[in-house]
Amino acid sequence: MKMTFRWFGESDSIPLAYIRQIPGMTGVVTAVYDCPPGEKWSEKSVARLKKAVNDAGLSMEVIESVPVHEDIKLGKPSRDRYIDNYAATIELLGAYGVRCVCYNFMPVFDWLRTELKKTAPDGSNSLSFDGAQMAALDPKKTALPGWDLSYTPEELGRLLDEYAGVDGETLFENLVYFLRRILPACGKAGVDMAIHPDDPPWDIFGLPRIITGEKNLDRLFAEVPDPHNGLTFCTGSLGAGRGNDIPYLAGKYARAGRIKFAHLRQIRFFGTDGFTETGHRTADGSLDMCAIVRALVQGGFDGYVRPDHGRNIWGEDGKPGYGLYDRALGVAYLSGLWEAIQKDHR
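This write-up is about the structure you can find in this document.

Reading the values: the criteria
- Residues numbered from 1 in each chain as written.
- Predicted model: local features only at pLDDT ≥ 70, side-chain atom pairs only at ≥ 80, totals over all residues.
- Heavy atoms only, no water.
- Buried < 20%, exposed > 50% of the residue type's maximum accessible area, 1.4 Å probe, protein only.
- Helix = DSSP H or I, 4+ residues; strand = E, 2+ residues; numbered from the N terminus.
- Pairing = 2+ DSSP bridges.
- Axes fitted to C-alpha atoms, helices over the stretch in contact; angles between N-to-C directions.
- Parallel < 35°, antiparallel > 145°, perpendicular 65-115°, else oblique.
- Left-handed = near helix turned anticlockwise from the far one by under 90°.
- Contact = heavy atoms within 4.5 Å.
- 1 Å grid on protein atoms, 1.4 Å probe; cavity = no way out; pocket = protein on both sides within 12 Å on 5 of 7 lines; lining within 4 Å.
- Points joined across faces, edges and corners; volume = space filled by probe spheres on them.

With five of five residues buried, strand 6 (residues 125-129) lies mostly within the body of the structure. As judged from the three bridges shared by strand 5 (residues 115-119) and strand 6, these two strands associate in the antiparallel manner. Along strand 6, the bridge assignment pairs K118 with S126. The turn joining strand 5 and strand 6, which pair antiparallel and follow one another in sequence, is formed by five residues; a positive phi near 95° is taken by G123. As defined by bridge partners, strand 6 adjoins strand 11 (residues 274-277) across two bridges and the pair is classed as antiparallel. Residue pairing in the sheet places F129 in a bridge with F275 of strand 11.

Rendered as structure tokens:
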């Protein structure tokens, strides 16, 4: 297992030196943030990013993410140009030692929450989703938490209108088309593609969600069996779907060699479909983190892991989900689980 930490580049409030001091930390998960979606990343930007990470004593083997242009998801005639740029970026990243790219195929919004800083009884705050509140929102009229600066109202309205004729089957076919076009570049570069499950894993605002659980994951791997076609196993995203048995899925896809990257996130359920992100311990939420890690270990997974999301604690006012302190605590907890389970497994 290689423990990693999300780092948002030079603009991140958390210095690489702090990340390096977390026990067991091997590398960061990062990206180039100055390139528009669909364009090829520049070698200068990738080289600069890698140098900064390596100079801090860390590796840069996972990229999260190379965004997929909306024209690819929509299946527009322009998609081939963007796919070619994506493949060229993959080859460039492989040349700089990247072994895994986490990406998603969610239309318009790659995550949704109703609160960015929901206060817990202990005074910490974290990301939260309330289905009833979300259902009452009109994305064409109301700024969505975390997305108010990503689109102008006019841009968002046009994009949502374009997706009006795209159902789940069409979106899935467009995903398969994309993967079949880029996987030869992945094989050449030695880079795994690790799709992130939809967050949350159900349709919202009429936008289809197609990576939500066992049925559509099985279909994806059957349609595109290339070994570089893999999964980012996100416990929080899949776990929000209450019909998903997360330890079972962890074991199944670990044994199949499909899990290339693991996001270990804890959530606590409320209501019929609500959830709040919590500390990483099993006791803190609704997911059995110990059983999940055991399933990964017993399934033979030894890839990249990161503590996914965390609370703001101890007075920190960090990026929602990405403060330093709670994620560092998560690393310590998850590393302890891993060591104990590995020793028992042997």
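Quick look at the packing of helix 4 (residues 79-95) against helix 7 (residues 168-189) now. The interhelical angle for the contact between helix 4 and helix 7, taken along N-to-C directions, is 30°, at an axis separation of 9 Å. If you check the angle between helix 4 and helix 7, you find them roughly parallel. For helix 4 against helix 7, the interelement crossing comes out right-handed. Where helix 4 abuts helix 7, its residues R79, D80, I83, D84, Y86, A87, I90, E91 and G94 lie against N174, Y177, F178, R181, I182, A185, C186, K188 and A189.

This next bit is on the environment of P307. Following the sequence through the fold, P307 ends up in strand 12 (residues 304-307). Separated by 37 residues in the primary sequence, P307 and F270 place their C-alpha atoms 22 Å from one another. Every residue in contact with P307, bar those within four places of it in the chain, is listed here: M3, T4, F5, L264, H280, R327, G330, V331 and L334.

Bringing the sheet that holds strand 6 into the picture now. An order of 5-6-11-10 is seen for the four strands of this open sheet, with the pairing classed as antiparallel. Of all the strands in the sheet, just strand 5 and strand 10 (267-270) have a single pairing partner and so form its edges. On average, each strand axis in the sheet is inclined to that of its neighbour by 35°, with strand direction left out of account. Bridge analysis of strand 10 against strand 11 gives four bridges, and the strand direction is antiparallel. In the strand pairing of strand 11, I267 is matched with E277.

Tallying each qualifying case throughout the model produces two cavities of 30 Å³ or more. Considered as a void within the structure, the largest cavity measures approximately 80 Å³ in volume. For the largest cavity, the full set of lining residues is C35, P36, P37, G38, E39, W41, V66, P67, I72, Y82, N85 and Y86. Among the elements that line the lining of the largest cavity, the one with the most residues is helix 4, at three residues.

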